[in-house]
Amino acid sequence: MRAALVGVDFGHSDFAASMEELMLLSRSAGADPISTITAKRSSPDSAYFVGSGKADEIGDAVVNDGLEIVIFNHALSPAQQRNLEKRLNVRVLDRTSLILDIFAQRAKSHEGKLQVELAQLQHLATRLIRGWTHLERQKGGIGLRGPGETQLETDRRLIGERVKSLRARLEKLHKQRETQRRARGRNHTFSVSLVGYTNAGKSTLFNAVTKAGVYVADQLFATLDTTSRRVYLGQEVGNVVISDTVGFVRELPHQLVAAFRATLEETIHADLLLHVVDAASPVRMEQIEQVNLVLKEIGADHIPQILVWNKIDAAGLEPSVERDEYATISRVFVSAQKGSGLDLLRDAIVEMARKAPGSAHLYQNDEAQEDQFDGQYDQHDGAAPDQDEEPGEDDRISTHSQVGTR
């Protein structure tokens, strides 16, 4: 689908990086970006977001380049989206709709699909008038006169009932996961969650550590479903649970954060966060900030965190470990694709697990485990899935649930 990308520079320093990200997002959704149109404004136009003159310029590009869709790098109001579609005579998407579409394509697990549908319905509820303008009048006719509801009201009521049903089903899955999480707590299992910006290499790192075989691709939101694995890290610590979560992105739609809150709680209840960073990205510091903002929003900003600088082979760095002024590990430099520095990362996890509150009595040496692993870390045997939720109709791995980034 031939698309035009539209971005308005409001004076932010990361505008160029944001437009590059929009191009990656559009390609991830299956669009073919043909034209890129930018503008500078101090504030959005109330009617068209970009102003009438720029709207005409976009319209000319649509005609001249045979474009089928226009994608804005911003959140549009329902009125702005409706006005642009009438003026341009093509479909107009904002950043929120684009990300929701990508999530809908990538969701594989039962819970993931429920969460995406919930987010889409919440977003759609404010935009129903776009598809029902010819049915805004009250119903009439023999047997239908008198008080009633418009087609829009009917549609909103049906969407409201569906949203209520989805929330109930997600709450049931949440309670099941909470029960399993408490069971892990009683077993004193140290929990680690991978978080980070989308396409930072979290899934590649997860596979390298656990041999889980999670899908990996060089695209934004290549995988959405959260996967957990038990990994044996030696006699001192025993088994730990490592979870790979969805990646985050700039201006992650609030509907998605709300819909995926249950899944993100796997991050909230972790004992340690491995914040994976693309060391080769020129905007890595801005990406770190964006991830920390989402972590704060979901209440996970208090959890101990190690920055894992991934892709050091592309950044020209060497495997190493950095500590803060309290001698606590703060950064580990690795290359998940090349396997460089993974031993340092495992050692860092072991060290943090030993320092965790109550660690003196958390881990019990199991003679059977010692015989099985012979005191060495075995990635294949350590990759047994951790049962963490009720399998859905599409689940192939028991702990899949949907959400935030690859």
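The notes below deal with the structure included here. Computed from a prediction, not measured in an experiment: that's the story for all the values here. (Residues numbered from 1 in each chain as written. Predicted model: local features only at pLDDT ≥ 70, side-chain atom pairs only at ≥ 80, totals over all residues. Heavy atoms only, no water.)

## Some details on the packing of helix 2 (residues 52–65) against helix 3 (residues 78–88)
Between helix 2 and helix 3, the shortest axis-to-axis distance is 10 Å and the interhelical angle comes to 50°. Comparing their axes, helix 3 and helix 2 come out oblique. In the packing of helix 2 onto helix 3, the handedness of the crossing is right-handed. When helix 2 is examined against helix 3, the residues Ser-52, Ala-55, Asp-56, Ile-58, Gly-59 and Val-62 are found in contact with a partner set consisting of Leu-84, Arg-87 and Leu-88. Partitioning the contact of helix 2 with helix 3 into residue classes produces 5 nonpolar, 2 polar and 2 charged. (Axes fitted to C-alpha atoms, helices over the stretch in contact; angles between N-to-C directions. Helix = DSSP H or I, 4+ residues; strand = E, 2+ residues; numbered from the N terminus. Parallel < 35°, antiparallel > 145°, perpendicular 65-115°, else oblique. Left-handed = near helix turned anticlockwise from the far one by under 90°. Contact = heavy atoms within 4.5 Å. Nonpolar A, V, L, I, M, F, W, Y, C, P; charged D, E, K, R; others polar.)

## Quick notes on the sheet that holds strand 1 (residues 2–9)
Strand order across the open sheet formed by 4 strands is 2-1-3-4, with parallel pairing between neighbours. Two strands in the sheet have a free side with no partner beyond their single neighbour: strand 2 (32–40) and strand 4 (91–93). Going across the sheet, the axis of each strand differs from the next one's by a mean of 20°, ignoring polarity. Judged from the 8 bridges that link them, strand 1 and strand 2 form a sheet pairing that is parallel. (Pairing = 2+ DSSP bridges.)

## A look at the side chain of Asp-278
Within the element layout of this structure, Asp-278 appears in strand 8 (residues 272–278). Here Asp-278 falls in the buried class, since its relative accessible area comes to 14%. Within polar-contact distance, the side chain of Asp-278 engages the backbone nitrogen of Ala-280 at 3.0 Å. Ignoring sequence-local partners within four residues, the contact set of Asp-278 consists of Asn-199, Ala-200, Arg-284, Gln-287, Asn-310 and Lys-311. (Buried < 20%, exposed > 50% of the residue type's maximum accessible area, 1.4 Å probe, protein only. Polar contact = N/O pair within 3.5 Å; in protein donor to acceptor, adjacent residues only side chain to side chain.)

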